2 protein chains.
Amino acid sequence: MLDIKFEKTKNPKPIPDENNPLAFGTIFTDHMFIMDYETKKGWHNARVTEYAPLTLDPSAMVFHYGQEMFEGLKAYKAEDGKILLFRPDKNIERANNTNKRICIPQIPKEDFLQAIKAVVAADKGWIPTKPGTSLYIRPFVIATDPYLGVRPSDTYKFIIILSPVGPYYPEGLNPVKIWIEDEYVRAVKGGIGEAKTGGNYVASLASQVKAHDAGYSQVLWLDGVERKYIEEVGAMNIFFKIDGTVVTPMLNGSILPGVTRDSCIALCKNWGLPVEERKISIDEIYEAAQKGTLEEVWGTGTAAVISPVGQLRWKDHIMQINDGGIGELSQKLYDTVTGIQLGKIKDSLNWIEEVE
Amino acid sequence: MLDIKFEKTKNPKPIPDENNPLAFGTIFTDHMFIMDYETKKGWHNARVTEYAPLTLDPSAMVFHYGQEMFEGLKAYKAEDGKILLFRPDKNIERANNTNKRICIPQIPKEDFLQAIKAVVAADKGWIPTKPGTSLYIRPFVIATDPYLGVRPSDTYKFIIILSPVGPYYPEGLNPVKIWIEDEYVRAVKGGIGEAKTGGNYVASLASQVKAHDAGYSQVLWLDGVERKYIEEVGAMNIFFKIDGTVVTPMLNGSILPGVTRDSCIALCKNWGLPVEERKISIDEIYEAAQKGTLEEVWGTGTAAVISPVGQLRWKDHIMQINDGGIGELSQKLYDTVTGIQLGKIKDSLNWIEEVE
Ligand SMILES: Cc1ncc(COP(=O)(O)O)c(C=O)c1O
Ligand SMILES: Cc1ncc(COP(=O)(O)O)c(C=O)c1O
């Protein structure tokens, strides 16, 4: 158990009016959680304090060598007023896998969960309740040694900030258009692709700008070795329904093991659908689209939950999916996942963790 | 021309006593250069101010998405008191290539050079003069939008900090032992390997820790696709002298185009040595070592200048180079490069830029 100090803000900010649409990731709540790390002391000085700027030496390693881990999950307010988290244990496990890959010390999982609950409880008044809204939770760790030279830092800060959010895509649940990238690569086996760390996202920017300029919301990456196998989307894992079978790329070391991905696989299996986690080549997808067996495509991620894909573009080929409409299975997954998250559907898989 | 404001520190720090050995990257001078960027204003508010902590929102994009560029070069004090920079135009060009790859706005090259000169001039008293020491210059840019979501930032800070340094390796010019990595990958073609950005360095940490624990100073990376071709060392490019020919990996998009690398190639060519920039497989190196034609191996980098390699380890194979001694060509390159940098050898290639 952490001994978390609570220093309540003296300057509470106005909570956004729920009648105005919420953007994603622009507004932050009154408090944040912080805890420090030093080699000799371990993690210490856990506190919930006013949301306030960080003061760091310009030589702090995070600014130079990218030693930073982040996570993303959400808190929801159920109709009965309960505050619910969706599978926080999965995010915590993934955070520690990222930490391991990039040489950040482990954070004990009970402490991590306690920290999330403490800061969410402090700002529970900020959880929006309109359909499609929630409180986005961003835990992250940064390397703070004031040192130039490549080695793991000896000091870190673990911080959790909160942001009331609306839909990630302006499209909402409407199908998005996705650009299949064949020039740039996001990650490669043996690299840091399966870790949630800045380096993977910075690598994606140029491609994303190119896709945006061409009218696409996101980029779908191919593998870095053969440039042939489907990996994942910028901030989502990807699923295909081909001829009645649900297919998604296997976890191969270069894609993020998404919590929503895992949940969709479990739900589809529960519903008796055939699910395959395997290598999927872009040619297979293109052929299925040509033959008319590419029934649905959707992305999965905490931010967008389930995001139907209406169009895929690969070089000069445009693949229209499901006439650009929302697929039946995509809709069912969206309704089920959000239903469980909001406490409207029975949590038979034990995915919900309540914040007291 | 930038209009650079100068706010002299009111709290000058003691300059380290030159009689004590200097470490690398732990001490910073009295001042730093800062300039801000906003989409509407472009780069503005250029200033040389007291070296002081940065204050950033916890949601600043650099902490989450790794949008950060850095460079490294050195200033030297010649015997006649002149302050010399070594090929700063190459660093500035590379910085802007990095900026382009990771969607940071370009920094006009004259402004960049002016900024370096301004801050170095402000702290010229900090340039150490003992053999093997210099003033390390670290320009970097960080993304500062307070925003969660993956896109290029609209605001940035460009900062230059200075650190009086001694040798990068505790070994000094003595040959280092290098570990050839066959599990992890640093970068891949189509990725960000040729950019100087944190993501490449964070990817290298786990491997470096492993190598260190086994008694090796640095890691030599193989390519991410075939895991067969030599790429570069953690913070250096790599050269081999095989049977009289100087061989170094070609610039292929996944290695950093080193300024010292470029300088060594130019010098060797000037001396009439055959130089090849090409793909080099690890098998070729291993065979040369077996046959006794692997005459010298050395790394090149701003921090270490020329670093002779005394041993390479690849899986269970240990390759002893030049009986673990400093090779003749490595020594000549070291003497020539440092001689030019210190103004002791005629700068016939026009590499030196004076700070007035
Ligand atoms: C690269 C990437 N892939 C996939 C996902 C989806 O993962 P999750 O469902 O855990 O949010 C995310 C977002 O977290 C991501 O950033
Ligand atoms: C990955 C990497 N390779 C090579 C180098 C050498 O480049 P330069 O000679 O420009 O310092 C460096 C250091 O800057 C580096 O970080």
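Cut-off values and rules
- Residues numbered from 1 in each chain as written.
- Chains lettered and ligands numbered in written order.
- Predicted model: local features only at pLDDT ≥ 70, side-chain atom pairs only at ≥ 80, totals over all residues.
- Heavy atoms only, no water.
- Phe/Tyr/Trp six-rings, centres within 6.5 Å; stacked < 30°, edge-to-face > 60°.
- Helix = DSSP H or I, 4+ residues; strand = E, 2+ residues; numbered from the N terminus.
- Buried < 20%, exposed > 50% of the residue type's maximum accessible area, 1.4 Å probe, protein only.
- Lys NZ or Arg CZ within 6 Å of the ring centre and 35° of its normal.
- Least-squares fit on C-alpha atoms with pLDDT ≥ 70 in both.
- Contact = heavy atoms within 4.5 Å.
- Pairing = 2+ DSSP bridges.
- Near = heavy atom within 4 Å.
- Polar contact = N/O pair within 3.5 Å; in protein donor to acceptor, adjacent residues only side chain to side chain.
- Areas by Shrake-Rupley, 256 points an atom, 1.4 Å probe, with all protein chains shown as cover.
- Nonpolar A, V, L, I, M, F, W, Y, C, P; charged D, E, K, R; others polar.
- Core = buried A, V, L, I, M, F, W, Y, C linked by side-chain atoms within 4.5 Å.
- Salt bridge = Lys/Arg side-chain N within 4 Å of Asp/Glu carboxyl O.
- UniProt positions renumbered as here; feature names shortened; annotations may be inferred.
- pLDDT = per-residue confidence, 0-100.

Engineer: Describe the packing of aromatic side chains, naming the residues involved and giving the relevant values.
Structural biologist: A complete count under the given rule lists 31 aromatic pairs over all chains for this structure. Both rings, one in A:Tyr65 and one in B:Tyr201, keep their centres 6.0 Å apart while their planes meet at 65°; by these two values the pair is edge-to-face. Taken as a pair, A:Tyr65 in helix 1 (residues 62–65) and B:Tyr201 in helix 4 (residues 198–202) lie in two separate chains rather than in one. Across the pair, exposure class does not vary: A:Tyr65 and B:Tyr201 are buried alike. The interplanar angle of 5° and the centroid separation of 5.4 Å between the aromatic rings of B:Phe28 and B:Tyr51 together place this pair among those described as stacked. Placement of the pair is B:Phe28 in the loop between strand 1 (5–6) and strand 2 (31–38) and B:Tyr51 in the loop between strand 3 (42–50) and strand 4 (54–56), with a sequence separation of 23 residues. The pair B:Phe28 / B:Tyr51 is uniform in exposure class, with both members buried. Sitting above the plane of the A:Tyr229 ring, A:Lys279 keeps its charged end 4.5 Å from the centroid. The ring of B:Trp271 is capped by B:Lys332, whose NZ or CZ atom sits 4.1 Å from the centre of that ring.

Engineer: So what's going on with the relation of the copies chain A and chain B? Which residues, and what values?
Structural biologist: Expressed as a screw operation, the relation of chain A to chain B combines 0.0 Å of axial shift with a rotation of 180°, fitting to an RMSD of 0.0 Å. Accordingly, the operation relating the two chain copies is best matched by a two-fold axis. Nearest to the rotation axis, the C-alpha of A:Gly199 is located 1.9 Å from it, this being the minimum over chain A. When the interface residues of chain A are mapped onto chain B, 100% of them again lie at the interface, so the same face is used by both copies.

Engineer: How would you summarise the pairing of strand 7 (residues 83–86) of chain B if you had to cite specific residues and measurements?
Structural biologist: Residues and elements named next belong to chain B. Residues Ile83 and Leu85 of strand 7 are buried on one face, and the alternating residues Leu84 and Phe86, pointing to the opposite face, are buried as well. Relative to strand 7, strand 6 (residues 73–77) runs antiparallel, the two sharing three bridges. Counterpart to Lys77 in the pairing with strand 7 is Ile83. Counting the residues that bridge the hairpin from strand 6 to strand 7 gives five residues, and of these Gly81 lies at a positive phi of roughly 90°. Pairing geometry for strand 7 and strand 19 (residues 352–355), over four bridges, is antiparallel. Along strand 19, the bridge assignment pairs Phe86 with Ile352.

Engineer: Please give an account of the site of ligand 1 that cites residues and values.
Structural biologist: Residue and element names in this part refer to chain A. Looking at ligand 1, there are 16 residues lining it, with Tyr201, Glu232, Val259, Thr260 and Thr302 nearest. Lys196 has a polar side-chain atom sitting 2.7 Å from an oxygen atom of ligand 1. Tyr201 is positioned such that a nitrogen or oxygen atom in its side chain is 2.5 Å from an oxygen atom of ligand 1. When ligand 1 sits alone it has 380 Å² of accessible area, and the protein chains cover 96% of it. For the shell around ligand 1, the secondary-structure elements that each account for two or more residues are helix 6 (259–270) and strand 16 (294–301). Here the residues of the shell around ligand 1 are counted per class, giving five nonpolar, seven polar and four charged.

Engineer: With reference to specific residues and values, describe the nonpolar core.
Structural biologist: Grouped together as the largest cluster of nonpolar side chains are 183 residues, with contacts concentrated most on A:Phe63, A:Leu312, B:Phe63 and B:Leu312. With residues up to four places along the chain from it excluded, the contact list for A:Leu312 reads A:Ile178, A:Ile180, A:Leu220, A:Phe240, A:Ile285, A:Val297, A:His317, A:Ile318, A:Met319 and A:Ile321.

Engineer: An account of the pattern of salt bridges is requested, with residue identities and associated values reported.
Structural biologist: Summed over the entire model, instances satisfying the criterion amount to 32 salt bridges over all chains. It is possible to trace a salt-bridge network through shared partners that takes in A:Asp36, A:Arg47 and A:Lys157.

Engineer: Describe in detail the UniProt feature "modified residue: N6-(pyridoxal phosphate)lysine" (unreviewed entry) in chain A, supporting the description with residues and values.
Structural biologist: All names here are of chain A. Sites flagged by UniProt as "modified residue: N6-(pyridoxal phosphate)lysine" (unreviewed entry) map to Lys196. Mapping Lys196 onto the fold places it in the loop between strand 10 (176–180) and helix 4 (198–202). If we skip the residues at most four places from it in the chain, Lys196 touches Glu68, Met69, Phe70, Glu71, Gly72, Arg94, Thr98, Tyr201 and Leu256.

Engineer: Could you give an account of the confidence of the model for chain A, naming the residues involved and the relevant values?
Structural biologist: Confidence in the prediction of chain A, expressed as mean pLDDT, is 96, and 99% of residues score 70 or more. As a predicted assembly, this complex carries a pTM of 0.97 together with an ipTM value of 0.97.

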